Amino acid sequence: MSWTRKILLILGFLSTLAVIALIAVAVTQNKPLPKNIKYGIVLDAGSSHTNLYVYEWPAEKENDTGVVQQVEVCKVEGPGISGYSHATEEAGPSLAQCLRQAEEVIPSKQHQETPVYLGATAGMRLLSLENKSAADKVLSSVEKTLRSTPFNFQGARIISGQEEGAYGWITINYLLGNFKQSGWSKLLHSLRSISETSGALDLGGASTQITFVPNEFSSESPENLLYFRLYGKDYLVYTHSFLCYGKDQALQQKLARDLQTVENSSLFDPCFHQGYQRTINISDLLKNPCTSAKEKQFPFSQLYIQGEGDYQKCRRSILKLFNKTNCPYSSCSFNGIYLPPLQGDFGAFSAFYFVMNFLNLTGEQSPVALDKVASTIESFCARPWDEVKTAYHQIKEKYLSEYCFSGAYILSLLENGYEFTEKNWQRIHFLGKIGSSDAGWTLGYMLNLTNMIPAEEPAVPPLSHGSYVGLMVLCSLVLVSVLLFAWLLFHKPKCLQKGIV
Ligand SMILES: Nc1ncnc2c1ncn2[C@@H]1O[C@H](COP(=O)(O)OP(=O)(O)O)[C@@H](O)[C@H]1O
Ligand SMILES: [Ca+2]
C-alpha cells in the first residue's frame, strides 16, 4: 500500500472519528435534563371566600416571562376570613382542607422550599375599619395555621387596594405575554410598534379596581399613579380601588339607601325578579362601614324585600351610588376620584366575568354590542323568579337571585362610573382564565414577592444551547469536508488519479 493511500485512509478514519465524537457530544449535551420544577402557593382571602392557588415553573427559567402557571385551585368551604369576626380562632382551621390538597399536589421533598403567601382584600379592609382587634385576631389565626404546614410561610397580610389593582394588571399582562417578546414575535411587535399593555378591571364582593396605562401622563393625583420597570421597560400605571363598590357591598349600599325612603317594613326592589322575596336584618345591613353613614333608627328591625324585575328602574336606583357632581381634577370617574381618559384594551375578570359568563355575554366568538348586552340583562331581569329558579336549579340561590342586580350594576359601573361608551365597550374582554391560570391579583403578587419579574431584560445568549451545539457540529462537518476535498484536489492521490484517467 502506497504512503499516500495510507495517509488518506488515516485521515478518513480520523475525520469519521471526529464526526462521531461531535454527534455524540451534541446528543448527550441536549438530552433533556430531569425537569426541576418549583412551586409557590398564594391564598386569596377575598370578602366572600378564600381561594388557594398552586403555581409551578421550571427552576432554570424562572426569570423568563410566561413560564409560571397555575396547576391547582382550591375553594375554601364557608365564608371569607372576614366572616370569622365572631369566632376569630376558627379562621385559620377553615383553610386546612385546601392546604392538605396542596400537600398532595406538591411533591413532599419540595414542601419545605415552597413559599406560601396569604393576601386579604376588601372584606378584611372593612373589618379592620370596623373592628381592628377582630381583624388582627383573624390574621393571627390564619398565620398560626399557615406556620403549622410543611410549607415555607412568607406572610399573611391585608393588601392595599393599590396593590390589588397593580398585581391584577401584572398578572394579566404577564399571562398575555405583553411584557417581553422573544425572537420573531419581538421583531414583529417592534415593526408594528405594538408594545401595549392591557388594562385590568377587577370586580370583587367588597371592592372593585381599575388599572391601565393612560395615554397622557398627568401628576394630578399621585396616589393613583404607579411606576414599574419590568424586563427593561418603564410603565406608568394608573390604578384605583373603590372600597364598598364590589357587587355585594354595592347592593348593601343600594338597600341602605332605599331603606331611607320606606314607610313601613316592605321594600319593592326593581333589581330582583318578580316573585322573589328576601328578609334582611336592618342592624346587619347598617353595621358595616359602607352603609353606616345612614340613618339607623327605624320602628322595625327587619326589611321585607319583594322583587319587581324592572331593569330600567333598577339602573336608575343604582345610578344614585355614583356621585358625579364634583370633580377636583381634569376628569373623574365618580365620588371625586381622578380618572384619566380610558386607553387601550381591558381585561375584565373576577365577578365581571362570572356574571357576564352566566348571562352568555362574554362574547368569546364575537364581541357583544353594548345595546345587546343591556337588552339581554333587561329581559333576564323581567323573567319571573319561579321560572328562573326552575331553569337554573343547579346554581346557588344566592348567586342566581343577584345576577339581575349584578348585571345592571356592572353596566352602571362601566357606563356611568368609568364612562365606557358604545365604541370602547368593544375593547373590554371578559376573561376567566388565560391559559391554565385564573385572571386575578394572586399570580402578580407571587411574581413580585419572589422577584420573578426582573427590572432589566435578563442577558440571554443569542442562541439556545441546543442551537449552539448543532451549529458547532454543522460548521465542523463543513470544515472537515472542505479540508478533505481540498487535500484530494491538490494532492491527487495515485489511487484516485488511476480511476480518473
Ligand atoms: N359563580 C359565581 N357567580 C356569581 N358571582 C360569583 C361567583 N363566584 C364568585 N362570585 C362573586 O365574586 C365576588 C368575589 O369577590 P371576593 O374576591 O370574594 O371579594 P373582594 O375581592 O372584594 O375581597 C363575590 O361577590 C362573589 O359572590
Ligand atoms: Ca377578589
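Keep in mind it's a predicted model, so treat the numbers as computed, not measured. (Residues numbered from 1 in each chain as written. Chains lettered and ligands numbered in written order. Predicted model: local features only at pLDDT ≥ 70, side-chain atom pairs only at ≥ 80, totals over all residues. Heavy atoms only, no water.)

### Section: the site of ligand 1
Here is step 1 of the chain: In the vicinity of ligand 1, 17 residues are found, and the nearest of them are Ser 47, Ser 48, Thr 121, Ala 206 and Tyr 403.
Here is step 2 of the chain: With respect to ligand 1, the backbone of Gly 205 contributes an N or O atom lying 2.9 Å from an oxygen atom.
Here is step 3 of the chain: A distance of 2.6 Å is found between a nitrogen atom of ligand 1 and a side-chain nitrogen or oxygen belonging to Tyr 403.
Here is step 4 of the chain: If you list the elements that add at least two residues to the shell around ligand 1, you get helix H7 (247-259), helix H10 (351-358) and helix H13 (397-417).
Here is step 5 of the chain: Taken together, the residues of the shell around ligand 1 break down into six nonpolar, eight polar and three charged. (Near = heavy atom within 4 Å. Polar contact = N/O pair within 3.5 Å; in protein donor to acceptor, adjacent residues only side chain to side chain. Helix = DSSP H or I, 4+ residues; strand = E, 2+ residues; numbered from the N terminus. Nonpolar A, V, L, I, M, F, W, Y, C, P; charged D, E, K, R; others polar.)

### Notes on the pairing of strand S9 (residues 233-243)
Here is step 1 of the chain: In this sheet, S9 lies alongside strand S7 (residues 207-212) in antiparallel orientation, the contact comprising six bridges. Looking across to S9, one finds that Ser 207 is bridged to Leu 243.
Here is step 2 of the chain: Taken together, the six bridges between strand S8 (residues 225-230) and S9 define a ladder with antiparallel strand orientation. Bridging across to S9, Leu 230 finds its partner in Lys 233.
Here is step 3 of the chain: Counted along the chain from S8 to the antiparallel partner S9, the turn is two residues long, and its residue Tyr 231 has a positive phi close to 50°. (Pairing = 2+ DSSP bridges.)

### A closer look at the UniProt feature "binding site: ATP" (unreviewed entry) in the protein
Here is step 1 of the chain: Within this structure's numbering, the places UniProt gives as "binding site: ATP" (unreviewed entry) are Gly 205, Ala 206, Ser 207, Thr 208 and Gln 209.
Here is step 2 of the chain: Note that Ser 207 resides in strand S7.
Here is step 3 of the chain: In contact with Ser 207, not counting residues within four places along its chain, are Ala 122, Arg 125, Glu 164, Asp 202, Ser 241, Phe 242, Leu 243, Cys 244, Tyr 245 and Gly 246. (UniProt positions renumbered as here; feature names shortened; annotations may be inferred. Contact = heavy atoms within 4.5 Å.)

### Some points on the sheet that holds strand S6 (residues 199-203)
Here is step 1 of the chain: Taken in spatial order, the six strands make up an open sheet running S8-S9-S7-S6-S13-S14, and their pairing is mixed. The open sheet has two edge strands, S8 and strand S14 (428-430), and neither has a second partner. Each strand of the sheet is rotated relative to its neighbour by a mean of 25°, with strand direction disregarded.
Here is step 2 of the chain: As judged from the four bridges shared by S6 and S7, these two strands associate in the antiparallel manner. In the strand pairing of S7, Leu 201 is matched with Ile 210.
Here is step 3 of the chain: Where H10 meets the sheet, its contacts fall on S6, S7, strand S13 (346-350) and S14, and the angle it forms with S13 comes to roughly 85°.
Here is step 4 of the chain: Along the sheet, H13 makes contact with S6, S7 and S14, crossing S6 at roughly 140°. (Axes fitted to C-alpha atoms, helices over the stretch in contact; angles between N-to-C directions.)

### Notes on the pattern of salt bridges
Here is step 1 of the chain: In the structure shown here, the tally under the stated rule is 19 salt bridges.
Here is step 2 of the chain: Between Arg 229 and Glu 456 there is a salt bridge; the shortest N-O distance is 2.7 Å. Taken together, the positions of Arg 229 in strand S8 and Glu 456 in the loop between helix H15 (442-449) and helix H16 (465-491) put the pair 227 residues apart, joining distant regions of the chain.
Here is step 3 of the chain: One salt bridge connects Arg 278 with Glu 402, and the closest N-O pair in it is separated by 2.8 Å. Placement of the pair is Arg 278 in strand S11 (residues 277-281) and Glu 402 in helix H13, with a sequence separation of 124 residues.
Here is step 4 of the chain: Ionic contacts of the salt-bridge type, sharing partners, join the residues Arg 229, Asp 234 and Glu 456 into one network. (Salt bridge = Lys/Arg side-chain N within 4 Å of Asp/Glu carboxyl O.)

### Some points on the packing of aromatic side chains
The description of an aromatic ring pair uses the distance of the two centres, along with the angle that the planes make with each other.
Here is step 1 of the chain: In the structure shown here, the tally under the stated rule is 30 aromatic pairs.
Here is step 2 of the chain: Ring geometry for Phe 242 and Tyr 245: centres 6.1 Å apart, planes at 70°, overall edge-to-face. Like Tyr 245, Phe 242 is buried.
Here is step 3 of the chain: Ring geometry for Tyr 245 against Phe 334: centres 5.1 Å apart, planes inclined by 55°, an arrangement best described as tilted. You can see Tyr 245 sitting in the loop between S9 and H7 and its partner Phe 334 sitting in the loop between helix H9 (311-319) and S13, a full 89 residues away along the chain. Of the two residues, Tyr 245 and Phe 334, neither departs from the other in class, the shared state being buried.
Here is step 4 of the chain: The structure contains a cluster of three or more aromatic residues connected by ring pairs, namely Phe 242, Tyr 245, Phe 322, Phe 334, Phe 405, Tyr 409 and Tyr 418. (Phe/Tyr/Trp six-rings, centres within 6.5 Å; stacked < 30°, edge-to-face > 60°. Buried < 20%, exposed > 50% of the residue type's maximum accessible area, 1.4 Å probe, protein only.)

### A look at helix H4 (residues 132-147)
Here is step 1 of the chain: Between its first and last C-alpha atoms H4 spans 22 Å; for 16 residues at 1.5 Å apiece the expected length is 22 Å, and the two agree.
Here is step 2 of the chain: Taken together, the buried positions of H4 are occupied by Ala 134, Ala 135, Val 138, Leu 139, Ser 141, Val 142, Thr 145 and Leu 146. Buried residues along H4 cover an arc of 155° about the axis, so they all sit on one side. Structural note: H4 exposes Lys 144 and Arg 147 on the side pointing more than 90 degrees away from its buried face.
Here is step 3 of the chain: Where H4 is buried, its residues touch strand S1 (37-45), helix H2 (96-105), strand S4 (115-120), helix H3 (122-130) and strand S5 (152-158). (Expected span 1.5 Å × (residues − 1). Arc of directions from axis to C-beta.)

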